[in-house]
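Chain residues, written in single-letter form:
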Amino acid sequence: MSVIDELAAEFARLPGIGRKTALRLTYYLLKRPAEDTRRLAHALSAVADRVRACSTCGNLTEADPCAICTSPRRDGSMVCVVEEASDIGAIERTGTFAGLYHVLGGRLSPLEGVGPDELRIGPLLARLETGPDVGEVIIATNPSVEGEATALYLQKLIRPLGRRVTRLARGMPVGGDLEYTDGVTIAEALAGRREIG
Ligand code: ZN
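Treat the numbers as computed from the prediction; the structure is a model and nothing was measured. (Residues numbered from 1 in each chain as written. Predicted model: local features only at pLDDT ≥ 70, side-chain atom pairs only at ≥ 80, totals over all residues. Heavy atoms only, no water.)

Peer 1: Kindly report on the overall build of the protein chain, identifying the contributing residues and their values.
Peer 2: On a plain count of helices and strands, the protein chain comes out with 8 helices and 7 strands. Reported as C-alpha extents along the three principal axes, the dimensions of the protein chain are approximately 60 × 35 × 35 Å. The burial tally for the protein chain puts 39% of its 197 residues in the buried class. Taking all contacts inside the protein chain whose residues are at least 6 apart in sequence as the whole, residues at least 24 apart take part in 56%. If you sum the accessible surface of the protein chain, you get close to 11,400 Å²; carbon and sulfur atoms cover 57% of it. Side chains of the protein chain carry 24 positive and 26 negative charges; the gap between the two charge centres is 3 Å. (Helix = DSSP H or I, 4+ residues; strand = E, 2+ residues; numbered from the N terminus. Buried < 20%, exposed > 50% of the residue type's maximum accessible area, 1.4 Å probe, protein only. Contact = heavy atoms within 4.5 Å. Areas by Shrake-Rupley, 256 points an atom, 1.4 Å probe, with all protein chains shown as cover. Lys, Arg positive; Asp, Glu negative; His and termini not counted. Charge placed at Lys NZ, Arg CZ, Asp CG, Glu CD.)

Peer 1: Go over the domain arrangement of the protein chain, please, and point to the residues and values.
Peer 2: For the protein chain, the assigned domains are domain 1 (3–50) and domain 2 (60–167). Taking the mean C-alpha position of each, domain 1 and domain 2 sit 34 Å from one another. (Domains from an automatic or database assignment.)

Peer 1: Describe the packing of helix α1 (residues 3–12) against helix α2 (residues 19–31), and please don't skip the residues or the numbers.
Peer 2: Direction vectors running N to C along α1 and α2 enclose 130°, while the axes themselves pass 8 Å from each other. Relative to α2, the element α1 is oriented oblique. With respect to the hand of their crossing, α1 and α2 are arranged in right-handed fashion. Together, Ile4, Leu7, Ala8, Phe11 and Ala12 of α1 and Ala22, Leu23, Leu25, Thr26, Tyr27, Leu29 and Leu30 of α2 make up the contact between the two elements. Each residue belonging to the contact of α1 with α2 can be placed in one class, and the counts come to 11 nonpolar, 1 polar and no charged. (Axes fitted to C-alpha atoms, helices over the stretch in contact; angles between N-to-C directions. Parallel < 35°, antiparallel > 145°, perpendicular 65-115°, else oblique. Left-handed = near helix turned anticlockwise from the far one by under 90°. Nonpolar A, V, L, I, M, F, W, Y, C, P; charged D, E, K, R; others polar.)

Peer 1: Which residues make up the packing of helix α6 (residues 121–130) against helix α7 (residues 145–158), and what values do they have?
Peer 2: As a packed pair, α6 and α7 sit with axes 11 Å apart at the nearest point and diverge in direction by 35°. Here α6 runs over α7; the crossing is right-handed. The residues of α7 that touch α6, namely those facing Ile121, Leu124, Leu125 and Leu128, are Tyr153, Leu154, Leu157 and Ile158. Partitioned by chemical class, the residues of the contact of α6 with α7 number 8 nonpolar, no polar and no charged.

Peer 1: I'd love a proper account of the pairing of strand β5 (residues 136–139), names of residues and values included.
Peer 2: Side-chain alternation along β5 places Glu136 and Ile138 on one buried face and Val137 and Ile139 on a second face that is also buried. Sheet topology places strand β3 (residues 75–82) next to β5; 4 bridges connect them, and they run parallel. The residue bridging Met78 from the neighbouring strand is Glu136, located in β5. Here β5 runs beside strand β6 (residues 164–167); their pairing, made up of 4 bridges, is parallel. The residue of β6 that forms the bridge with Ile138 is Thr166. (Pairing = 2+ DSSP bridges.)

Peer 1: How would you sum up the environment of Ala151? Please name residues and give values.
Peer 2: Mapped onto the elements of the fold, Ala151 is located in helix α7. Relative accessible area serves as the criterion here: at 1%, Ala151 is assigned to the buried category. If we ignore the near neighbours within four places in the chain, the residues touching Ala151 are Ile139, Thr141, Arg167 and Ile196.

Peer 1: Summarise the coordination of the zinc ion; cite the residues concerned and give the values.
Peer 2: Within the protein, the atoms that donate to the zinc ion are Cys54 (SG), Cys57 (SG), Cys66 (SG) and Cys69 (SG), at distances of 2.3 to 2.4 Å. If you look at the zinc ion, its 4 donor atoms make angles of 104 to 117° with each other, and the shape they trace is tetrahedral. Each donor residue of the zinc ion lies on the same chain, and together they follow the pattern C-x2-C-x8-C-x2-C. For Cys57, a relative accessible area of 1% puts it in the buried group. (Donors = N, O, S within 2.8 Å, 3.2 Å for Na, K, Ca; no water. Tetrahedral: all angles 85-135°; square planar, octahedral: opposite > 155°, others 65-115°.)

If you want it as C-alpha cells, here you go:
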C-alpha cells in the first residue's frame, strides 16, 4: 500500500468519514504546503502522547489528576456522572456547575455488548465509598432509552450508600446528546434536577 493509500485508509476509519471523503481529505493535504501537514501531524502525535484519562474522574487531561479534580474552588460534595469526557465541556460551558465529575465511558447497551463491567462504574462506587464526603450524585447521562436505563441502574447501586441521587430535569431533547445541547437548556436541566427512585 502506498503512503497515500495508507493515509486515506486511516481517515476512512474515523467516524462519519467514508472512502470518498477520506480520499478528498488526503488529496487536500497533498495540495497544501508540507509545513501545514507537518503541523497537523505534530498536533496528532501531541494528543496521542500527552492526553490521557484522569485516574480519578476519567476526564481527558494532560495532568493527572485533572484541573477540575485538583481545583480548591470545586465543590466536592457533588459529583456529576456523564457518559463521555466531551460532556464535561458542555456542562462547564454553562458556568453553573461547580462540583466534580465522573466519566462512565459510555452507557449500558446490551445490544452493543456494553455491560456494567465495560463502564467506569466500579471506580465511581469506590470514589463514593472511600473518597471525601459526596452528598449528591447527579446523573447526567443522555436523555435516550439507554441513558435512562443507565441512570436507573446507577441509582439502585448508589442509593444504598446513603447518597442523594438526582437526574437532570426533563426538557433536554429526548434522544439528544448532552454534548450538542445548548448551554441554556443544560443549565435549566441542572437547576431543575430531581431526586430519582
Ligand atoms: Zn479528574
